[in-house]
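Below, each chain spelled out in residue letters.
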Amino acid sequence: MVTWLLKSFYDTVSDVFTQIGGMGAEIFDLTWVSSSVQLFTMLGWTLFGVGMIVAAFDLAIEYQNGRASIKSTALNVLKGFFAANLVTLVPVELYKFCINLQNVFLKDLAGGFIGTVDFNLGDVALKVMVGAFGGPAGIVANGIYPLCMLIGLSYSVLKVFFANIKRGGILLIQMAVGTLYLFSVPRGYTDGFNQWCKQIIALCLTAFLQTTLLFLGLLTFNSNMLLGLGVMLAAGEVPRIAQQFGLDSSVKVNMMSVVHATSTAVNMTRNIARAMA
């Protein structure tokens, strides 16, 4: 029974590994994604323009009270201008840079093991699985221990792979959220935008470290299954550890800040409309 389960699971996982390809950066080459990013850019410029007008009203009000600072207002508007230019450009380029850097680094590590410099996660995982459990003619390992190791290997590889695929969509959401902060940046409220920048850095750092640890664990798996599996399982802890150091890759906290910023913008617009009436 155990042998049948091992063979069935081996064949299924082998087929899945054969289908695994890229690491999520390909999503930004799609036409509809480029159109969405362009929409976010236009929304960001619109909110920046509205925020700049509100900043001018704030300056006029502070000038009447004798607390106006033209230098600070001009500096905040300049920060908003640069943010509007880069809010949808830097995240994509930084994410692609991390993926490319990761590929260059891993080709030096795993190129000799695979025998070629053109490979992906599925190729390495399949090579490791064949070397650890058997060849094309069938598996040679039997027992509960090899089955548990095969399940752990499959879980670690698929978890990181689907996390990388999902991370491209998360980056799109974060860019949409980041444009909403452009209303507040010209007015000097940059706390939410600074937190958003940390989330972008955390996302790219997680993408680099998770896949690197996974490949290191795969290269260790053939010589020491338990040690290699431990390194691969540690890859799943990267987001939690980064969060402890202020690099949170989730969007929950950011969304609450955006709701507060949006409510502030609506109330400010109402007050200006009433004053002009």
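Taking an unreviewed UniProt entry as the reference, the chain is identified by name as Conjugal transfer protein TrbL belonging to Acutalibacter muris.

Draft legend 1. Representation of the overall build of the chain within the structure. For the chain, the count of helices and strands is 10 helices and 2 strands. What you see in the chain, going N to C, is helices and strands ordered as α-α-α-α-α-β-β-α-α-α-α-α. For the chain, the proportion of its 277 residues judged to be buried stands at 41%. Looking at the chain alone, contacts between residues at least 24 apart form 83% of all its contacts between residues at least 6 apart. A total of about 14,700 Å² of accessible surface is found on the chain, and carbon and sulfur atoms cover 67% of it.

Draft legend 2. How the structure looks around the packing of aromatic side chains. Taken as a whole and judged by the stated rule, the model has 5 aromatic pairs. Their ring planes at 65° and their centres at 5.6 Å tell us that Trp 45 and Phe 81 sit as a pair that is edge-to-face. Residue Trp 45 is found in helix α2 (residues 31-65), and its partner Phe 81 is found in helix α3 (residues 70-86); the two are separated by 36 residues along the sequence. A relative accessible area of 31% means that Trp 45 is categorised as partly exposed. Between Phe 81 and Phe 82 the ring centres are 5.9 Å apart and the planes differ by 70°, which places this aromatic pair in the edge-to-face class. Exposure remark for Phe 81: the relative accessible area of 37% places this residue in the partly exposed category. Each residue in the set Trp 45, Phe 48, Phe 81 and Phe 82 is aromatic and connected to the rest through ring pairs, giving one cluster.

Draft legend 3. Focus on the packing of helix α6 (residues 144-180) against helix α8 (residues 225-234). Orientation of α6 relative to α8, taken along the N-to-C sense of each, is 25°, at an axis distance of 9 Å. In terms of their interaxial angle, α6 and α8 are classed as roughly parallel. Read as a crossing pair, α6 and α8 show a hand that is left-handed. The segment α6 lies against α8, with Tyr 145, Met 149, Gly 152, Leu 153, Tyr 155 and Ser 156 engaging Met 225, Leu 226, Leu 229, Met 232 and Leu 233.

Draft legend 4. Up close: α2. Under the 1.5 Å per step criterion, the end-to-end length of α2 is 51 Å for 35 residues, consistent within 8% with the ideal 51 Å. Of the residues flanking the end of α2, it is Gly 66, one or two places downstream, whose phi is positive at about 80°.

Draft legend 5. Molecular detail of the UniProt feature "transmembrane region" (unreviewed entry) in the chain. Listed under "transmembrane region" (unreviewed entry) in the UniProt record, and renumbered for this structure, are residues 39-61, 73-92, 139-158, 170-188 and 200-221. End C-alpha to end C-alpha, residues 73-92 measures 29 Å, and it is 85% helix and 0% strand. Secondary structure content for residues 200-221 is 100% helix and 0% strand, while the C-alpha to C-alpha distance between its ends is 32 Å.

Draft legend 6. A look at the nonpolar core. Phe 28, Tyr 95, Leu 172, Met 175, Leu 182 and Phe 193 are the most contacted members of the largest nonpolar core, which totals 30 residues. At the level of secondary structure, the elements contributing two or more residues to this core comprise α2, α3, α4 (90-114), α6 and α7 (191-221).

Draft legend 7. Fine view of the state of the cysteines. This model, assessed by the stated rule, comprises 0 disulfides. With no disulfide of its own, Cys 98 lies closest to Cys 204 among cysteine sulfurs, the gap being 4.5 Å. Owing to a relative accessible area of 12%, Cys 98 belongs among the buried residues under this scheme.

Draft legend 8. The side chain of Thr 212, seen in detail. Among the secondary structure elements, Thr 212 is positioned in helix α7. The class for Thr 212 is buried, based on a relative accessible area of 7%.

Draft legend 9. Just the environment of Thr 88, in detail. By secondary structure assignment, the location of Thr 88 is in the loop between α3 and α4. Judged by its relative accessible area of 9%, Thr 88 is buried. Excluding residues that lie within four positions of it along the chain, Thr 88 makes contacts with Val 37, Phe 40, Thr 41, Met 175 and Thr 179. In terms of polar contacts, Thr 88 uses its side chain to reach the side chain of Thr 41, at 2.7 Å.

Draft legend 10. Up close: the packing of α7 against α8. The geometry of α7 relative to α8 is characterised by a closest axis approach of 7 Å and an angle of 170° between their N-to-C directions. One way to sum up the angle between α7 and α8 is to call them roughly antiparallel. Each of Leu 213, Leu 214, Leu 216, Gly 217, Leu 218, Thr 220 and Phe 221 in α7 lies in contact with α8, whose residues at this interface are Met 225, Leu 227, Gly 228, Leu 229, Val 231, Met 232 and Ala 234. Residues that form the contact of α7 with α8 fall into these classes: 11 nonpolar, 3 polar and no charged.

Parameters and conventions
- Residues numbered from 1 in each chain as written.
- Predicted model: local features only at pLDDT ≥ 70, side-chain atom pairs only at ≥ 80, totals over all residues.
- Heavy atoms only, no water.
- Helix = DSSP H or I, 4+ residues; strand = E, 2+ residues; numbered from the N terminus.
- Buried < 20%, exposed > 50% of the residue type's maximum accessible area, 1.4 Å probe, protein only.
- Contact = heavy atoms within 4.5 Å.
- Areas by Shrake-Rupley, 256 points an atom, 1.4 Å probe, with all protein chains shown as cover.
- Phe/Tyr/Trp six-rings, centres within 6.5 Å; stacked < 30°, edge-to-face > 60°.
- Axes fitted to C-alpha atoms, helices over the stretch in contact; angles between N-to-C directions.
- Parallel < 35°, antiparallel > 145°, perpendicular 65-115°, else oblique.
- Left-handed = near helix turned anticlockwise from the far one by under 90°.
- Expected span 1.5 Å × (residues − 1).
- UniProt positions renumbered as here; feature names shortened; annotations may be inferred.
- Core = buried A, V, L, I, M, F, W, Y, C linked by side-chain atoms within 4.5 Å.
- Disulfide = S-S within 2.5 Å.
- Polar contact = N/O pair within 3.5 Å; in protein donor to acceptor, adjacent residues only side chain to side chain.
- Nonpolar A, V, L, I, M, F, W, Y, C, P; charged D, E, K, R; others polar.

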